[in-house]
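# Geometric and topological summary
Below, each chain spelled out in residue letters.
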Amino acid sequence: MRLFCFPHAGGDATAYTPLARALAPVAEVWALRPPARGGRSRHPMPPDFDSLAAAVAEALAPHLTGGDGGRFAFYGQSFGALLAYEVARALPADRRPELIVAVGAPSPAEWSGRETRDLDASELLRLTGLEESVRAHPDLVELALGALRADLAVSATYRHRPHAPIGSAIHALAGADDPMLATTGLAGWAAHTRGAFGHRVVPGGHLLATVDRPGPADLLTSLLTSRPTPLPADRQVPAAPRNASREQ
């Protein structure tokens with residue numbers, strides 16, 4: 001199984017290093033590095049959310065395969081959960097993930113630019129629990145805030161448009177101590193899938209997987225090693241092609 005991970009607003013691929021190590025026996029973790037951070041600090045963020053989702057879908061397309069018959073899944077936290085879902089929608093129906101794990105995020109229909117309406121970048125840094133990490137390294141503060149502002153700006157352009165649910169299973173998670181999301185809001189994700197749906201509250205805050213901890217590795221192991229429940233015949237989508245492609 002190949003698991004593609006989408007970071008939170010302002011986050012980077014490095015947030016998933018501990019998770020990648022924890023899942024190594026069952027999954028190959030690939031983490032997204034968006035523009036405007038890390039080695040891509042000089043790459044401009046696309047002008048709007050739709051352009052970002054389209055660019056990510058195009059970049060992922062050659063790599064959507066795994067070691068077990070092409071199985072792959074998406075995992076996203078907060079802004080990354082929304083992006084993971086919309087990237088899945090931007091892919092052809094026969095190339096969508098088997099599973100989307102959405103963490104710390106309301107459903108797309110309930111998003112409405114929530115992270116930009118009420119919070120500025122520095123406040124979001126505090127609420128996500130990352131303030132202390134970057135304060136220990138003053139040179140990282142402005143870099144972190146710059147990435148946050150870039151993501152918040154593109155998040156503000158997101159507009160949910162009603163559409164048919166996708167066939168990917170969805171599992172929505174929230175940390176019990178998340179200060180940004182009411183745990184009752186997870187059920188809204190059910191309307192966005194024709195496949196299996198599950199949701200639960202787990203120990204933790206707004207971000208579960210970080211540079212310091214792997215997050216819900218045991219739960220992900222269970223989800224990733226379970227075979228999907230087939231859709232009814234009239235709701236099935238074609239199986240993903242089996243050809244493998246790796247980045248050189």
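Residues numbered from 1 in each chain as written. Predicted model: local features only at pLDDT ≥ 70, side-chain atom pairs only at ≥ 80, totals over all residues. Heavy atoms only, no water.

## Thoughts on the pairing of strand β1 (residues 2-6)
Side chains on a regular strand alternate between the two faces of the sheet. Where burial is concerned, most of β1 is hidden: five out of the five residues are buried. Neither face of β1 is left uncovered, since the one carrying R2, F4 and F6 and the one carrying L3 and C5 both have all their residues buried. Across four bridges, β1 lies against strand β2 (residues 28-31) in parallel orientation. Across the sheet, the residue bridging to L3 is V29, located in β2. Examined bridge by bridge, β1 and strand β3 (residues 72-77) share five bridges and lie parallel to one another. Paired with F4 across the bridge in β3 is F74. (Buried < 20%, exposed > 50% of the residue type's maximum accessible area, 1.4 Å probe, protein only. Helix = DSSP H or I, 4+ residues; strand = E, 2+ residues; numbered from the N terminus. Pairing = 2+ DSSP bridges.)

## Some details on helix α8 (residues 217-225)
A217, L219, L220 and L224 are the residues of α8 that are buried. For α8, the buried positions fall inside an angular range of 155° around the axis, keeping them on one side. Contacts from the buried residues of α8 go to β1, α1 (17-23), β3, β4 (99-103), β5 (169-175) and β6 (197-202). (Arc of directions from axis to C-beta. Contact = heavy atoms within 4.5 Å.)

## A word on the sheet that holds β1
Strand order in the open sheet made by the six strands is β2-β1-β3-β4-β5-β6, with parallel pairing throughout. Each having just a single partner strand, β2 and β6 make up the two edges of the open sheet. Adjacent strand axes in the sheet meet at a mean angle of 20°, parallel and antiparallel pairs treated alike. Across the sheet, helix α3 (residues 79-90) is in contact with β1, β3, β4 and β5; its angle to β3 comes to roughly 145°. (Axes fitted to C-alpha atoms, helices over the stretch in contact; angles between N-to-C directions.)

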